[in-house]
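# Inside the fold
Each chain, letter by letter, is given below.
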Amino acid sequence: MTTTLTIPRPDDWHLHLRDGAMLEGVTRYTARQFARAIVMPNLTPPVTTVDAARAYRERILAAVPEGMDFTPLMTAYLTDNSDPAELVRGHEEGVFTAAKLYPAGATTNSDSGVTDVANIMGALEAMAEAGMPLCVHGEVTSADVDIFDREAVFIERILAPLIDRLPELKVIFEHLTSAEGVQFVTGAGDNVAATITPQHLHINRNAMLVGGMRPHAYCLPVAKREKHRLALRRAATSGSDRFFLGTDSAPHAREAKESACGCAGIFNAPYALESYLAVFDAEGALDKFEGFASRHGPAFYGLPVNEQTITLEKKPCTVPDEIDVGAARLVPFHAGETLEWSLAG
Ligand code: NCD
Ligand code: ZN
């Protein structure tokens, strides 16, 4: 029986670090687990310019505790008015690793997002030409589309036509949550990949709704039926380089989630690797973990694999009920549960 696993330090290809006191409180949890992370730009106001991204990067680096090694990879928040030249300049200057498409109104702080992909076609053409990847929140927002169908409808109405029109654009379908999404990414060209969160591998929609409403299991895109969770587990553990790790760790203060209109987002950064590894172990796919966590992401983004390593050991670790990060009390994913693997050191 395998009891330890040593792999190149993984990266988190989708992360929310927030700003101010929350940023200072949460960054250490990611830096403990990951060498780099693609940092989402959905601040208020969103990160739309090269200068704003540079300044945010400095604030993140200042929040990394002494002695920890962590590199934030910045993203530009696309709006209807995004300037193609600014995006490409940011990419060429090594500030913007990618740009993020939030359909307006799809999720937390997405009010300034894109109202119609036609409005950013110039920006996307410039990105395709510059080899700058596009990270996508893949949900439509129309009131007539059921929230559980919003990802599948996005593929049909927006993503498939976009990829047909710009086949050379590198696209990362973020936080994939559906069997339709898995099928689409698997069948697309090799310039299309997807990240998968730990929660969508562990929970289906029952976790939110059975026995009471459970706000700490609520995130967007929302967890779906069991068949979707199973499709995601098969994709993540398949060894396919189309799928890689992206936690979507999205901290919200406990009281903002335990509310009549609770915020979407799950804070999973503190035990992310332990959480993912539980899935790979249960699926008999420990040998596929290194690709998913450490290799497929860098390969897709054209970045080197990290030279340092980490070791995970089969030793129980109990997730606390709550983590006080100073700025807020946060309820982590798996609160109160015991996971079978621990990050050593
Ligand atoms: C994210 C947040 O809180 O910023 N929330 C979430 O439920 N995932 C936004 C997002 O990635 O959709
Ligand atoms: Zn996110």
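Residues numbered from 1 in each chain as written. Chains lettered and ligands numbered in written order. Predicted model: local features only at pLDDT ≥ 70, side-chain atom pairs only at ≥ 80, totals over all residues. Heavy atoms only, no water.

## Considering the overall build of the protein chain
Cut-off, in case you're wondering: Numbering of helices and strands starts at the N terminus; helices are DSSP runs of H or I of at least 4 residues and strands are runs of E of at least 2. A radius of gyration in this sense is built from C-alpha atoms; the matching globule rule multiplies 2.2 Å by the number of residues raised to 0.38. Throughout, exposure labels follow a simple rule: accessible area from a 1.4 Å probe, protein chains only, divided by the maximum for the residue type, with under 20% read as buried, over 50% as exposed, and the rest as partly exposed. Every residue pair with non-hydrogen atoms within 4.5 Å of one another is taken to be in contact.
Secondary structure summary: the protein chain contains 12 helices and 15 strands in total. Computed over its C-alpha atoms, the radius of gyration of the protein chain comes to 19 Å, within 12% of the 20 Å expected for a compact globule of 345 residues. Reported as C-alpha extents along the three principal axes, the dimensions of the protein chain are approximately 50 × 45 × 40 Å. Residues counted as buried form 57% of the 345 residues belonging to the protein chain. For the protein chain, the share of sequence-separated contacts (at least 6 apart) that also reach a separation of at least 24 residues comes to 73%.

## A closer look at the coordination of the zinc ion (ligand 2)
The condition that has to hold: Metal donors were taken as nitrogen, oxygen and sulfur atoms no farther than 2.8 Å from the ion, or 3.2 Å where the ion is Na, K or Ca. Water is excluded, so coordination may look unfinished.
Taken together, His14 (NE2), His16 (NE2) and Asp248 (OD) make up the protein donors of the zinc ion (ligand 2), found 2.0 Å from the metal. Coordination of the zinc ion (ligand 2) draws on donor residues from a single chain, spaced H-x1-H-x231-D in sequence. In terms of burial, His14 and His16 fall into one category: buried.

## A short note on the UniProt feature "domain: Amidohydrolase-related" (unreviewed entry) in the protein chain
Applicable threshold: UniProt positions are given in the numbering used here, feature names are shortened, and annotations may be inferred rather than shown by experiment.
The feature "domain: Amidohydrolase-related" (unreviewed entry), as annotated in UniProt, sits at residues 12-305 in this numbering. The span residues 12-305 is 41% helix and 12% strand, and its two end C-alpha atoms sit 13 Å from each other.

## Notes on helix 5 (residues 150-165)
Here is the rule: The span you would expect from a helix comes to 1.5 Å times its residue count less one. Two axes enter the bend calculation: one fitted to the seven residues ending at the residue in question, the other to the seven starting there, and the bend is the angle between them.
For helix 5, spanning 16 residues, the distance from its first C-alpha to its last is 22 Å, which sits close to the expected 22 Å at 1.5 Å a residue. Along its length, helix 5 reaches its greatest deviation from straightness, about 40 degrees, at Glu156. By the burial criterion, the buried members of helix 5 are Arg150, Glu151, Val153, Phe154, Ile155, Leu159, Leu162 and Ile163. Packed against the buried residues of helix 5 are helix 4 (121-130), strand 6 (134-136), strand 7 (171-173), helix 6 (179-187) and strand 8 (192-196).

## Some points on the packing of helix 3 (residues 84-92) against helix 4
So the rule is basically this: Whenever a helix is involved, its axis is fitted only over the stretch in contact; in every case the axis is a line through C-alpha atoms, and angles between N-to-C directions fall within 0 to 180 degrees. Oblique is the label for any angle not covered by the other classes, which are roughly parallel (under 35 degrees), roughly antiparallel (over 145) and roughly perpendicular (65 to 115). By definition, turning the near helix anticlockwise from the far helix through less than a right angle yields a left-handed crossing, and turning it clockwise yields a right-handed one. For this classification, the nonpolar set comprises Ala, Val, Leu, Ile, Met, Phe, Trp, Tyr, Cys and Pro, the charged set comprises Asp, Glu, Lys and Arg, and every other residue, Gly included, is treated as polar.
The N-to-C vectors of helix 3 and helix 4 enclose an angle of 25 degrees; their axes lie 8 Å apart at closest approach. In terms of orientation, helix 3 lies roughly parallel with respect to helix 4. Helix 4 is crossed by helix 3, and the crossing has right-handed handedness. On the side of helix 3, the interface is formed by Pro84, Leu87, Val88 and His91, while helix 4 contributes Gly122, Ala123, Ala126, Met127 and Ala130. Class assignment for the residues of the contact of helix 3 with helix 4 results in 7 nonpolar, 2 polar and no charged.

## Some words on the sheet that holds strand 10 (residues 309-313)
Our working rule: At least two bridges found by DSSP between two strands is the condition for calling them paired.
The 3 strands are arranged 1-10-15 in an open sheet whose pairing can be described as antiparallel. Every other strand in the sheet has two partners, leaving strand 1 (4-8) and strand 15 (342-343) as the edge strands with one partner each. Two elements, strand 1 and strand 10, share 5 bridges in a ladder whose sense is antiparallel. By the bridge assignment, Leu5 is partnered in strand 10 with Leu312. Across the face of the sheet, helix 12 (residues 289-301) comes into contact with strand 1 and strand 10 while running at roughly 25 degrees to strand 1.

## Details of the UniProt feature "binding site: Zn(2+) 2" (unreviewed entry) in the protein chain
Taking the UniProt record as the reference, the feature "binding site: Zn(2+) 2" (unreviewed entry) is found at Lys100, His137 and His175. The named residues occupy 76 residues along the chain; their greatest pairwise C-alpha distance, 12.7 Å, places them in one compact cluster. With respect to the secondary-structure elements, Lys100 resides in strand 5 (residues 96-101). Those residues in contact with Lys100 that lie beyond four places of it in its chain are His14, Met40, Pro41, Ala76, Tyr77, Leu78, Cys135, Val136, His137, Glu174 and His175. Turning to its location among the elements, His175 is positioned in the loop between strand 7 and helix 6. Apart from the residues within four sequence positions on either side, His175 is in contact with His14, Lys100, His137, Glu151, Thr195, Thr197, Leu220, Pro221 and Asp248.

## What about the site of ligand 1?
Selection rule: A single heavy atom is enough: if one lies within 4 Å of a molecule or strand, its residue is considered near that molecule or strand. A 3.5 Å cut-off defines polar contacts: any pair of N or O atoms within that distance qualifies, except that in protein one atom must be a possible hydrogen donor and the other a possible acceptor, and neighbouring residues in sequence count only when both atoms are side-chain atoms. Accessible surface area values rest on a Shrake-Rupley calculation with a 1.4 Å probe, where residue burial reflects the displayed protein chains alone.
Near ligand 1, the surroundings consist of 15 residues, among which Arg18, Thr107, Leu220, Asp248 and His252 are the closest. Arg18 is positioned such that a nitrogen or oxygen atom in its side chain is 2.8 Å from an oxygen atom of ligand 1. Thr107 places a polar side-chain atom, nitrogen or oxygen, 2.7 Å from an oxygen atom of ligand 1. When the free accessible area of ligand 1 is taken as 310 Å², the share hidden by the protein chains comes to 100%. The class makeup of the residues in the shell around ligand 1 is 4 nonpolar, 9 polar and 2 charged.

## Some points on the pairing of strand 4 (residues 71-77)
Stated formally: With its strands directed away from the observer, a crossover is right-handed exactly when the path from the first strand over the helix to the second travels clockwise.
Extensive coverage of strand 4 is indicated by the burial of 6 of its 7 residues. In this structure, strand 3 (residues 36-39) lies alongside strand 4, joined through 4 bridges in parallel fashion. Residue Arg36 lies in a different strand from strand 4, and its bridge partner there is Thr71. Note on the crossover from strand 3 through helix 2 (residues 50-63) to strand 4: the handedness is right-handed.

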